[in-house]
Amino acid sequence: MIIINKKLIALDLDGTTLNNNSQLSELTIKTLKTAVAAGHVVSIVTGRPNRISEQFYDQLGLKSPMINFNGNLGILPHEQWPLEYEYNVDKDIVAELLSKNNELGIKLIAIEGRDLFMANRGATIDMGFFPTILKAGQQLTHQNLQDHHNPISITVAVEPEAMVTMTSYVETHFGDQVSISPPWGGGKYSIVEIAAKGIQKATGVKILSDYYGISQADIIAIGDEHNDTTMIDYAGLGVAMKNAIPSIKNAANMITKYTNEEDGVAKFLNHQLDLQLAE
């Protein structure tokens, strides 16, 4: 197979490359492996931490760097990468939130880094990607916080009625250092992520495109949620999933014909790159 232009394909995971059971379909795996064999670069660009995204990287047999924490971490899993990077949050902010958790209505504080996960309590099932039972060494306290480097992200779960109070406090006291994600979670708690100010998925995509010498025009970015906005805007071809939120569809150049449950990424790339795979 001959390709005219090498593409950088930046893929969100949840709601995009993964189905609603957080799985890769056989067609998706085959399609992405074929794209790589054809000379394109496929990279995962996700809000997930590396601890719960490397399994998909390995399933796909990728060798390209991976971007985690919405652009705040860039790594080459299982190897060293000269351009490996991470943006951190001062752990003094974590200590402040721990001290004021009752006042601010905070029910859970979790901090993460490439090799770090700690929380002040086990999560409830509706809190998503966090363990319900903490292992030894994962308990977050003022004392053991000081034994670790600054984290990459802080995740905070609050009761919905306390969200405005908590976010206002963070913005007032630390707004020059951090950004707060839009709230997510549909259960008893609303959840936000706090990370280094000004760092987004587009940060990682630009580093990848520069590393591979791929022009902005030859970047394809596919996503479905708020945190995909910057990479969809940055890419030469920004693609929204059929199941994407309206603002992402408005920002995108194209919208897939199929949802993440219907192999939308695979079918789009098969057609767009002429990979000649049966759908």
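So, here's what we can say about the structure. (Residues numbered from 1 in each chain as written. Predicted model: local features only at pLDDT ≥ 70, side-chain atom pairs only at ≥ 80, totals over all residues. Heavy atoms only, no water.)

**Side note on the overall build of the protein**
Along the backbone of the protein there are 10 helices and 13 strands. Rg of the C-alpha trace for the protein: 19 Å, near the compact-globule value of 19 Å for 279 residues, within the 12% margin. Across its three principal axes, the protein shows a C-alpha extent of roughly 60 × 40 × 35 Å. Counting across all 279 residues of the protein, residues that qualify as buried make up 54%. Long-range pairs, those at least 24 residues apart, make up 57% of the contacts in the protein between residues at least 6 apart in sequence. Put simply, the protein shows about 12,700 Å² of open surface, and 48% of that area lies on carbon and sulfur atoms. Looking at charge distribution, the protein has the averaged site of its 21 positive side-chain charges lying 4 Å from that of its 32 negative ones. (Helix = DSSP H or I, 4+ residues; strand = E, 2+ residues; numbered from the N terminus. Rg over C-alpha atoms; globule rule 2.2 N^0.38 Å. Buried < 20%, exposed > 50% of the residue type's maximum accessible area, 1.4 Å probe, protein only. Contact = heavy atoms within 4.5 Å. Areas by Shrake-Rupley, 256 points an atom, 1.4 Å probe, with all protein chains shown as cover. Lys, Arg positive; Asp, Glu negative; His and termini not counted. Charge placed at Lys NZ, Arg CZ, Asp CG, Glu CD.)

**A word on the packing of aromatic side chains**
Any pair of aromatic rings gets described here by the distance separating the centres and the angle formed by the planes. Within the structure shown, the criterion is met by three aromatic pairs. When the ring of tyrosine 85 is compared with that of tyrosine 87, the centres are 5.6 Å apart and the planes differ by 70°; the resulting orientation is edge-to-face. According to the relative accessible area criterion, tyrosine 87 is partly exposed, its value standing at 34%. Both rings, one in tyrosine 211 and one in tyrosine 212, keep their centres 4.9 Å apart while their planes meet at 75°; by these two values the pair is edge-to-face. Aromatic ring contacts, followed pair by pair, group Trp81, Tyr211 and Tyr212 into a single cluster. Here the guanidinium or amino end of lysine 267 rests over the ring plane of tyrosine 258, the centre of that ring lying 4.2 Å away. (Phe/Tyr/Trp six-rings, centres within 6.5 Å; stacked < 30°, edge-to-face > 60°. Lys NZ or Arg CZ within 6 Å of the ring centre and 35° of its normal.)

**Focus on the nonpolar core**
Core analysis: the largest hydrophobic core is formed by 51 residues, its most contacted members being Ile222 and Leu269. By size, the runner-up hydrophobic cluster in this structure holds 25 residues, among which are Leu140, Met163, Val178 and Ile194. (Core = buried A, V, L, I, M, F, W, Y, C linked by side-chain atoms within 4.5 Å.)

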